[in-house]
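Topology and contacts: notes
Read off the chains here:
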Amino acid sequence: MSFAKLLKIHERLNELFLLHQEALLRLDLELAAERLRIYERELRAHMRVEEELLMPVYERAGKIAGGPPEFFIGEHRRMLEFLTRFAAALSELKGESGDPARRVIRLFDEEAMFKSLCDHHDMRERNIFFPALDRVTDEAERQELIGRCFAANSQLE
Ligand SMILES: [Fe+2]
Ligand SMILES: [Fe+2]
């Protein structure tokens, strides 16, 4: 077993975000906001296991070029800041009258930046974080940790 298995969780998270974007595209702001909340809850659950459960194990690997823990944690913080702005933009949109098209386009533009940050972050986990975790664990520990990561996002099943 390999920590690369956790890429499944990234895929499911990306899918949840796309569901939010589909609702936004249809200008169903209520549904877009609801789906954004679900996405954020699942993303936070995933980040929590990475930071609290996996990061201490990752630190056994010592210094890794391009992969100090602060990089990963800093990206998590930035991703959450984006989500706070999206939620605020959505509730503003709901309160405003007139044609929302231009403001929705602006939100999509910001969400595109968010998605490229997520891609960058996922790539670094795939290339640096997960392989290092594979190196410093044995099969039994890997299975246990991976199981706990999936349990934290059991709603995604
Ligand atoms: Fe992460
Ligand atoms: Fe991750």
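Residues numbered from 1 in each chain as written. Chains lettered and ligands numbered in written order. Predicted model: local features only at pLDDT ≥ 70, side-chain atom pairs only at ≥ 80, totals over all residues. Heavy atoms only, no water.

**Side note on the coordination of the iron ion (ligand 1)**
This is how the line gets drawn: Donor criterion used throughout: N, O or S atom within 2.8 Å of the metal, extended to 3.2 Å for Na, K and Ca. Water excluded; incomplete-looking sites may result. Here a site with four donors is tetrahedral if all angles are between 85 and 135 degrees, and a site with four or six donors is square planar or octahedral if opposite donors are over 155 degrees apart and the other angles are between 65 and 115; anything else gets the irregular label. Helix and strand assignments follow DSSP, with helices taken as H or I runs no shorter than four residues and strands as E runs no shorter than two, numbered in order from the N terminus.
Within the first shell, the iron ion (ligand 1) binds the protein through Glu50 (OE), His76 (NE2), His121 (NE2) and Glu125 (OE), at distances of 2.0 to 2.2 Å. For the iron ion (ligand 1), the 4 donor atoms in the first shell make angles of 82 to 165 degrees at the metal, a pattern classed as irregular. Motif for the iron ion (ligand 1), donor spacing along one chain: E-x25-H-x44-H-x3-E. If you look at the iron ion (ligand 1) and the iron ion (ligand 2), they sit 3.3 Å from each other and are both ligated by Glu50. In this pair, His121 and Glu125 are both assigned in helix H4 (residues 101-135), 4 residues apart and thus about one turn of the helix distant.

**Concerning the layout of surface pockets**
Put simply, the rule is: Lining residues are defined by having an atom within 4 Å of a point belonging to a cavity or pocket. Those points lie on a 1 Å grid over the protein atoms alone, cavities being sets where a 1.4 Å probe fits but cannot get out and pockets being open sets with protein on both sides within 12 Å along at least five of seven lines. Grid points are joined across faces, edges and corners, and a volume is the space filled by probe spheres set on the points. Amino acid classes used here: Ala, Val, Leu, Ile, Met, Phe, Trp, Tyr, Cys and Pro are nonpolar; Asp, Glu, Lys and Arg are charged; the rest, including Gly, are polar.
Counted as a void, the largest pocket has a volume near 180 Å³. Lining the largest pocket, in full, are Arg85, Ala89, Glu92, Leu93, Glu96, Arg103, Arg106, Leu107 and Glu110. Going through the elements one at a time, helix H3 (69-95) and H4 are the ones with two or more residues in the lining of the largest pocket. When its residues are assigned to classes, the lining of the largest pocket shows 3 nonpolar, no polar and 6 charged.

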